[in-house]
Amino acid sequence: MRFVDEFRDAELGRAVAGEILTAVEPGRHYKVMEVCGGHTHSIYKYGVDDLLPENVELVHGPGCPVCVIPMGRVDDGIAVAQKPGVIFTCFGDMLRIPGSDGTLLDAKAAGADIRMVYSPLDALRIAREHPDREVVFFAIGFETTAPSTALTLKRAKQEGLTNFSCVCNHVTIVPPLRALLESPDLRLDGFIGPGHVSTVVGARPFSFIPADYGKPVVIAGFEPLDILQAIHMILRQLAEGRSGVENQYSRVVPWEGNLKALEVLAEVFELRPHFEWRGLGFISQSALKLSAAYADFDAELRFDTPGVRVADPKACQCGEVLKGVIKPFECKVFGTACTPEHAIGTCMVSPEGACAAYYNYGRFAREREVV
Amino acid sequence: MSGLAPHCGPDEHCITCGDEAEPMRVVGVDTALRLALCEDGSGSRRSVEIELVEPVSAGDRLLVHADVALTNLGESA
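Notes on the structure in this doc start here. Being a predicted model, the structure only gives us computed values, none of them experimental.

The rules behind each value
Think of each chain on its own: its residues are numbered from 1, step by step along the sequence as written. Whichever chain is written first is A, and whichever ligand is written first is 1; the rest continue in order. Reporting in this predicted model follows two pLDDT cut-offs: at least 70 for local features of residues, and 80 or more for side-chain atom pairs to be given and counted; totals over whole chains, interfaces and linings ignore these cut-offs and use all residues. By the criteria applied, helices consist of DSSP H or I runs no shorter than four residues and strands consist of E runs no shorter than two, each listed in order from the N terminus. Exposure is read from a count of other C-beta atoms within 10 Å of each residue's own; the residue is exposed at 12 or fewer, buried at 20 or more and partly exposed in between. C-beta atoms are placed from the backbone. Contact between two residues is assigned when their C-beta atoms, built from the backbone, lie within 7 Å. Only strands that DSSP links by at least two bridges are regarded as paired with each other. All axes here are fitted lines through C-alpha atoms, helices being fitted over the stretch that makes contact, and every angle between N-to-C directions spans 0 to 180 degrees. An angle counts as roughly parallel when it lies under 35 degrees, as roughly antiparallel when it exceeds 145, as roughly perpendicular when it falls between 65 and 115, and as oblique in every other case. Working rule for handedness: look at the near helix, and if it is turned counterclockwise from the far one by less than a right angle, call the crossing left-handed; if clockwise, right-handed. Gly counts as polar in this scheme, as do all residues outside two lists: the nonpolar Ala, Val, Leu, Ile, Met, Phe, Trp, Tyr, Cys and Pro, and the charged Asp, Glu, Lys and Arg. To define a nonpolar core, we join buried Ala, Val, Leu, Ile, Met, Phe, Trp, Tyr and Cys residues through C-beta atoms within 7 Å and take the resulting set. Look down the strands so they point away from you; if the path from the first strand over the helix to the second goes clockwise, the crossover is right-handed.

### Notes on the overall build of chain B
No. 1: When helices and strands are counted, chain B shows 0 helices and 5 strands.
No. 2: Listing the helices and strands of chain B from first to last along the sequence gives β-β-β-β-β.
No. 3: The 77 residues of chain B split such that 45% are buried.
No. 4: In chain B, the share of contacts with a sequence separation of at least 24, taken over all contacts with a separation of at least 6, comes to 27%.

### Some words on the environment of B:Glu51
No. 1: Its location among the elements puts B:Glu51 in the loop between strand 3 (45-49) and strand 4 (60-65).
No. 2: Note on B:Glu51: 17 C-beta atoms within 10 Å, which makes it partly exposed.
No. 3: With 19 residues separating them in the primary sequence, B:Glu51 and B:Leu70 have C-alpha atoms 9.1 Å apart.
No. 4: When near neighbours in sequence (up to four residues on either side) are disregarded, B:Glu51 contacts A:Leu151 and B:Arg34.

### Here we look at the sheet that holds strand 1 (residues 30-36) of chain A
All names here are of chain A.
No. 1: Ordered by their spatial adjacency, 5 strands build an open sheet running 2-1-7-8-9, and the pairing between neighbours is parallel. Only two strands of the sheet have a single partner each, and these edge strands are strand 2 (56-63) and strand 9 (245-247). Between one strand axis and the next, the sheet turns through 25° on average, direction left out of account.
No. 2: Strands strand 1, strand 2 and strand 7 (190-193) of the sheet are contacted by helix 2 (residues 37-46), whose axis makes an angle of about 120° with strand 1.

### Some thoughts on the packing of helix 1 (residues 10-23) of chain A against helix 10 (residues 224-239) of chain A
Residue and element names in this part refer to chain A.
No. 1: At a minimum axis separation of 9 Å, helix 1 and helix 10 run at an interaxial angle of 15°. What the angle tells us is that helix 1 and helix 10 run roughly parallel. As for the relative orientation of helix 1 and helix 10, their crossing is left-handed in sense. Contacts from Leu12, Gly13, Val16, Ala17, Glu19, Ile20 and Ala23 of helix 1 reach helix 10 at Pro224, Leu225, Leu228, Gln229, Ile231, His232, Leu235, Arg236 and Ala239.
No. 2: Class assignment of the residues belonging to the contact of helix 1 with helix 10 gives a composition of 11 nonpolar, 3 polar and 2 charged.

### Here's the deal with the environment of A:Ala343
Residues and elements named next belong to chain A.
No. 1: Locating Ala343 in the fold gives a position in the loop between helix 13 (318-322) and helix 14 (354-360).
No. 2: What makes Ala343 buried here is the crowd of 24 C-beta atoms within 10 Å.
No. 3: For the pair Ala343 and Lys327, spaced 16 residues apart in sequence, the C-alpha separation works out to 17 Å.
No. 4: The residues contacting Ala343, other than those within four sequence positions of it, are Arg96, Pro98, Cys338, Met348 and Val349.

### Re unusual backbone geometry
No. 1: Note that the residue after B:Glu54, namely B:Pro55, is joined by a cis bond; omega there is 5°.
No. 2: Here A:Gln285, not a glycine, exhibits a phi torsion of approximately 50°, which is positive.
No. 3: With phi around 70°, B:Asp67 is a residue other than glycine that occupies positive phi space.
No. 4: The residue B:Asp67 is located in the loop between strand 4 and strand 5 (68-75) in this model.
No. 5: On the basis of neighbour count, B:Asp67 is assigned to the buried category, with 22 C-beta atoms found within 10 Å.

### Brief notes about the nonpolar core
No. 1: Of all hydrophobic cores here, the largest spans 141 residues; its most connected members are A:Val136, A:Cys166, A:Ile231, B:Leu62 and B:Ala69.
No. 2: For this core, the element with the most residues is helix 10 of chain A, which contributes 9 residues.
No. 3: If we skip the residues at most four places from it in the chain, A:Ile231 touches A:Ile20, A:Val32, A:Leu52 and A:Val56.

### Brief notes about the pairing of strand 2 of chain A
All names here are of chain A.
No. 1: Among the 8 residues of strand 2, 7 are classified as buried, and the element is accordingly described as predominantly covered.
No. 2: Alignment of strand 1 against strand 2, held across 6 bridges, turns out to be parallel. Residue Lys31 lies in a different strand from strand 2, and its bridge partner there is Glu57.
No. 3: On the question of chirality, the crossover connecting strand 1 to the parallel strand 2 by way of helix 2 is right-handed.

Pasting the structure below:
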């Protein structure tokens, strides 16, 4: 397929790896964060890190939307799902995220009407088909997914549907990056920027990273050559002593983003004053709620929810993994008590989560395969 | 892995949860409803919202996430 096959070419990959080798200073250790969980998945699926020099370390960021959902929000979802007459809809991975007393899948087994959907539009279709039931969509995701929820709510409003509402957990990518950059735990040299979030928000919102922190950012696609080229572009900026936002994924990402999508987001959502992120704590203005014009569709206003903050299980070190402070295999329960089949932490549930990527592709230790 | 959603397996990107869109080809367009029938790489077809990327024509390749097109990549080669 065009734009896919040529970005998986092994020979070209080895050539870019050679260029990376010439761009690094011997004796210097480089830490590059891939912000997006999709990049983490690709890196381990294709063995991208095996092509990198020993002194280039990839650090996994907080860009897996399922992984950053705190337990209290899952509890809120389960509470709504258990209300009489409710059909609760969500994406597949959310079903297996642990709350303080089980998962949505457990609640489904206990009798709640919980259905997996592929998009919020599927949830809207269910609402049309069941006018006598309350249909609730549990919305998660960064700016890539938020437009889908926004357009769905616009359609619901236009159609005058009164039995549809949404528990909004949409988050935004810039505030957690700023929080990470302010964290004393972590020293990063550069960022691989999220490819598809940037199709919506554009490259411009990341300019604070070079401006305020002097670190390079390269927006990248999801094929192995995209990621290798982005790493090379970051290392080249560092070698030349400069920092800026560059767009490796220009075949897809416009600098200004999708202006129509940004308009729709501004109409349907407004920023929450603060929101809890798993492992990162409360971050100001980092999440979205429904705007006043769409308040009638806000499930948190329509139903009572516990709204209680719940601490993560003590054994779980998702927080450190999400901040890139430890590697997944350094977590005490990785691959033993916590596996994709029986996850304790969110990072093991979603295939985009760093722990699941390491587990599924057999990365149980620090050693890397020499290519 | 979970037996719940084929796309959530370890060998596939989780397109609905993972904030990663997929390229699809436009087969037909309903401009009144602002929907397009689109086909993915495996030949499976879905209805996609095109409001954010209009105008759209048959043959265009769209980057689609959760049934909403985010970018029009132009005509396929």
